[in-house]
Amino acid sequence: MTPWTVGKLTHYIQELLESDPQLTDLWLTGELSNVTRSSAGHLYFTLKDATAAIKCVMWRSAVEKVTWQPAQGAAALAHGHVSLYPAQGYYQLVVDQLRPAGLGDLYSQFEQLRDRLKAEGLFDAARKRALPQFPRVLGIVTSPQAAALRDVLKVIGRRYPLVRIRLAPTLVQGATAPPQIVAALQAIDADDEVDAILVVRGGGSLEELWAFNDELVARAIVACRHPVVVGVGHETDSTIADFVADVRAPTPSAAAEMAVPDQAELRQRVRTCTRQLEQALRRRLSLARQAIDQRWRALHRLSPQAQIDAQRQQVDDLSQRAARSLEHTLALHHSQLAGLQARLAALSPLAVLERGYAIVRQQDTGTIVRQVEQVSPGDRLSVRVQDGEFGATVRSGS
Amino acid sequence: MSNVRDTATPAKSLSFEDALAELEATVRQLEEGNLPLAEAIALYERGMHLAQQCSDLLDAAQLQVEQLTLANGQQQRAFFFPDEQA
């Protein structure tokens, strides 16, 4: 007989377990213990009762759909299939759904209501309204005694104390909570001054949060005229109210942060504006200064003084030219005169006299004697020589 | 003069969001430029008043909480002091 290997046996058992129709699709109740969450997000725990225990594993994709906090000691209802882990040689339940036991009815109610409202389109993103950026009045629906309210008021007071709060008090857990929540929602929504409504409640067990899975509460939220922020429980809690809210916040404090702006950012915006105003005005002023300089230069060019200066120069220029022209004309006339004088001097009879000639006239008639026959003996003559005249008498004729 | 100030609400009587919105619009207007100098200066002054109003409002603000109560079927409001309730 050939001995089996460990691997072969393990494989054989695995086939048995994983082919059994009972073991591949079963609901199992038990108490949760050794609950640990791996860093990869998988959930490991043991389900046990008085007589036995079984290791369970839930992969992250399934863990993400769990809407409650599986805690040590809680009674739970798990669905899954039995499988074998060959490396360690133990069998385990691979869980795909985990519900709190005892609330099994509630849980299926929750799922039915969720599916029904979803089918009605109440969860549609298109239906959801945006929150006002600067709410003036915020309605808050919660218990006045709750720590959640103090957290919310602290956050809002720090971020945006300009908003006014109207608190609509209500119980937030127990059988009478749903109608009270509905009444509070209707009262606050009827207030025309309200800009948005916060519905908050701190963390609690599934039963404590149950009022927010009530259909009437969900429909009252949907019916509100004003946008509604729901912040119920911890991040891991999901309620119907969360699904129908216009804005879903993971916690009450987060709801407060989403509902109002942060004054630190607002102050920064105001500072930025102030700086931009200063820069823009500085730019405008330097433009104006440039324009003035430009016009100043233009004006200077066009001023009467500049024109006077220019004309004075022109006058100077003209007078200089006039003076030059006059001197030139005088010089010309001088030289012409000198030429004429020279010619005149050359032609003057006195010049001939200088050379020793004389002019002879009849003393009585002044007739110039040019020929001998003009005179007779005894005629009285006047003789003009260079330096004067003297008389003469004709002695004989020719 | 420009019409900036003649038609504007006094900054002191504006709500925070109105003052901030007008402040940011004023900045855009002034940055677009091509404004007569007098108008630019008026816009600058208006913007500075608005910025001051925004800061003043935040500085002075104190969270006010009222609680709705029902008395004889009539809705009423009363001041709510969270610290005393704690």
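Please read all numbers here as calculations on a predicted model, not as lab measurements.

*Asks:* Before we go on, may I ask you to explain the overall build of chain A in this structure?
*Replies:* Counting its regular elements, chain A contains eleven helices and 13 strands. Considering chain A as a whole, with its 398 residues, one finds that 26% of them fall into the buried category. Long-range contacts, defined as pairs at least 24 residues apart, comprise 60% of the intrachain contacts of chain A with a sequence gap of at least 6.

*Asks:* Explain the overall build of chain B to me, please; I cannot follow it from the model alone.
*Replies:* Of regular secondary structure, chain B possesses four helices and two strands. Secondary structure elements of chain B occur, N-terminal to C-terminal, as α-α-α-β-β-α. Evaluated residue by residue, chain B yields a buried proportion of 30% over its 86 residues. For chain B, the proportion of contacts with a sequence separation of at least 24, taken over those separated by at least 6, is 54%.

*Asks:* Can you help me understand the sheet that holds strand E3 (residues 53-58) of chain A in this one?
*Replies:* Paired through their backbone hydrogen bonds, the strands of a sheet run either parallel or antiparallel. Residue and element names in this part refer to chain A. Taken in spatial order, the five strands line up as E1-E2-E3-E5-E4 and close into a barrel, and their pairing is mixed. Each strand of the sheet is rotated relative to its neighbour by a mean of 50°, with strand direction disregarded. As defined by bridge partners, E3 adjoins strand E5 (residues 90-100) across three bridges and the pair is classed as parallel. Among the inter-strand pairings, Lys-55 is bridged to a residue of E5, identified as Gln-92. Of the strands in this sheet, strand E4 (75-85) and E5 are in contact with helix H1 (residues 6-19), which crosses E4 at around 140°.

*Asks:* Looking at this structure, how should I read the pairing of strand E6 (residues 137-142) of chain A?
*Replies:* Both faces of the sheet carry side chains from a regular strand, because those side chains alternate between them. All names here are of chain A. A large share of E6 lies buried, amounting to five of its six residues. With four bridges connecting them, E6 and strand E8 (residues 196-201) associate as parallel partners. For Gly-139, the partnering residue across the bridge sits in E8 and is Ile-197.

*Asks:* Could you clarify how one ought to interpret the nonpolar core in this entry?
*Replies:* Burial of nonpolar side chains together is a common tendency in soluble globular proteins. In this structure, A:Leu198, A:Ile221 and A:Ala241 are the most contacted members of the largest nonpolar core, which totals 75 residues. Looking at this core, the element that brings in the most residues is helix H3 (residues 37-60) of chain B, giving eight residues. In contact with A:Leu198, other than residues within four places in its own chain, are A:Leu138, A:Ile140, A:Val141, A:Val152, A:Val229, A:Gly231, A:Ala255, A:Ala256 and A:Ala259. In terms of nonpolar packing, the next biggest core, distinct from the first, is built from ten residues, A:Cys56, A:Ala76, A:Ala78 and A:Leu93 among them.

*Asks:* Hey, could you run me through the interface of chain B and chain A in this one?
*Replies:* The accessible area lost on association of the parts is a frequent measure of interface size. Each side of the interface is counted separately: chain B has 32 residues, and chain A has 31 residues. Those elements giving two or more residues to the side of chain B that touches chain A turn out to be helix H2 (16-32), H3, strand E1 (64-71) and helix H4 (82-85) of chain B. Broken down by element, the side of chain B that touches chain A gets its largest block of residues, ten residues, from H3(B). In the side of chain B that touches chain A, the residues fall into 20 nonpolar, eight polar and four charged.

*Asks:* Please clarify how the sheet that holds strand E11 (residues 359-362) of chain A should be interpreted in this entry.
*Replies:* Residues and elements named next belong to chain A. Spatial ordering of the open sheet is given by E11-E12-E13, a layout of three strands whose pairing is antiparallel. Both edges of this open sheet fall to E11 and strand E13 (388-393), since each of them pairs with a single strand only. Here the average twist between neighbouring strands, direction ignored, is 25°.

*Asks:* Got a minute to help me understand the packing of H2(B) against H3(B) in this structure?
*Replies:* A pair of packed helices is captured by two measures, namely the crossing angle of their axes and the spacing between those axes. Residues and elements named next belong to chain B. As a packed pair, H2 and H3 sit with axes 9 Å apart at the nearest point and diverge in direction by 150°. The angle between H2 and H3 places the two elements in the roughly antiparallel class. By crossing handedness, the relation of H2 to H3 is classed as left-handed. Of the residues in H3, those touching H2 at Phe-16, Ala-19, Leu-20, Glu-22, Leu-23, Thr-26, Val-27, Gln-29 and Leu-30 are Ala-40, Leu-43, Tyr-44, Arg-46, Gly-47, Leu-50, Ala-51, Gln-53, Cys-54 and Leu-57.

*Asks:* Any chance you could explain the confidence of the model for chain B here in plain terms?
*Replies:* Detailed conclusions should not be drawn from predicted coordinates in areas where pLDDT is low. Mean pLDDT over chain B stands at 81; residues scoring 70 or higher make up 78%. Here the complex is predicted with pTM 0.60, and the ipTM for its interfaces comes to 0.83.

*Asks:* Would you mind showing me how to read the environment of A:Phe110 here?
*Replies:* Turning to its location among the elements, A:Phe110 is positioned in helix H3 (residues 104-119). The spatial distance from the C-alpha of A:Phe110 to the C-alpha of A:Glu215 is 9.3 Å, given a sequence separation of 105 residues.

*Asks:* Explain the pairing of strand E12 (residues 380-385) of chain A to me, please; I cannot follow it from the model alone.
*Replies:* Residue and element names in this part refer to chain A. When E11 meets E12, the two strands line up antiparallel, connected through four bridges. Considered in E12, the bridge of Gln-362 is made with Leu-381. Looking at chain direction, E12 and E13 are connected through six bridges and run antiparallel. Within the sheet, the bridge partner assigned to Leu-381 lies in E13 and is Ala-392. Adjacent in sequence and paired antiparallel, E12 and E13 are bridged by two residues.

*Asks:* Could you clarify how one ought to interpret unusual backbone geometry in this entry?
*Replies:* Residue and element names in this part refer to chain A. With a phi close to 50°, Asn-34 is a non-glycine residue in the positive phi region. Relative to the helices and strands, Asn-34 resides in strand E1 (residues 26-37). For Asn-34, a count of 13 C-beta atoms within 10 Å puts it in the partly exposed group.

The rules behind these values
- Residues numbered from 1 in each chain as written.
- Chains lettered and ligands numbered in written order.
- Predicted model: local features only at pLDDT ≥ 70, side-chain atom pairs only at ≥ 80, totals over all residues.
- Helix = DSSP H or I, 4+ residues; strand = E, 2+ residues; numbered from the N terminus.
- Buried ≥ 20, exposed ≤ 12 C-beta atoms within 10 Å, placed from the backbone.
- Contact = placed C-beta atoms within 7 Å.
- Pairing = 2+ DSSP bridges.
- Axes fitted to C-alpha atoms, helices over the stretch in contact; angles between N-to-C directions.
- Core = buried A, V, L, I, M, F, W, Y, C linked by C-beta atoms within 7 Å.
- Nonpolar A, V, L, I, M, F, W, Y, C, P; charged D, E, K, R; others polar.
- Parallel < 35°, antiparallel > 145°, perpendicular 65-115°, else oblique.
- Left-handed = near helix turned anticlockwise from the far one by under 90°.
- pLDDT = per-residue confidence, 0-100.

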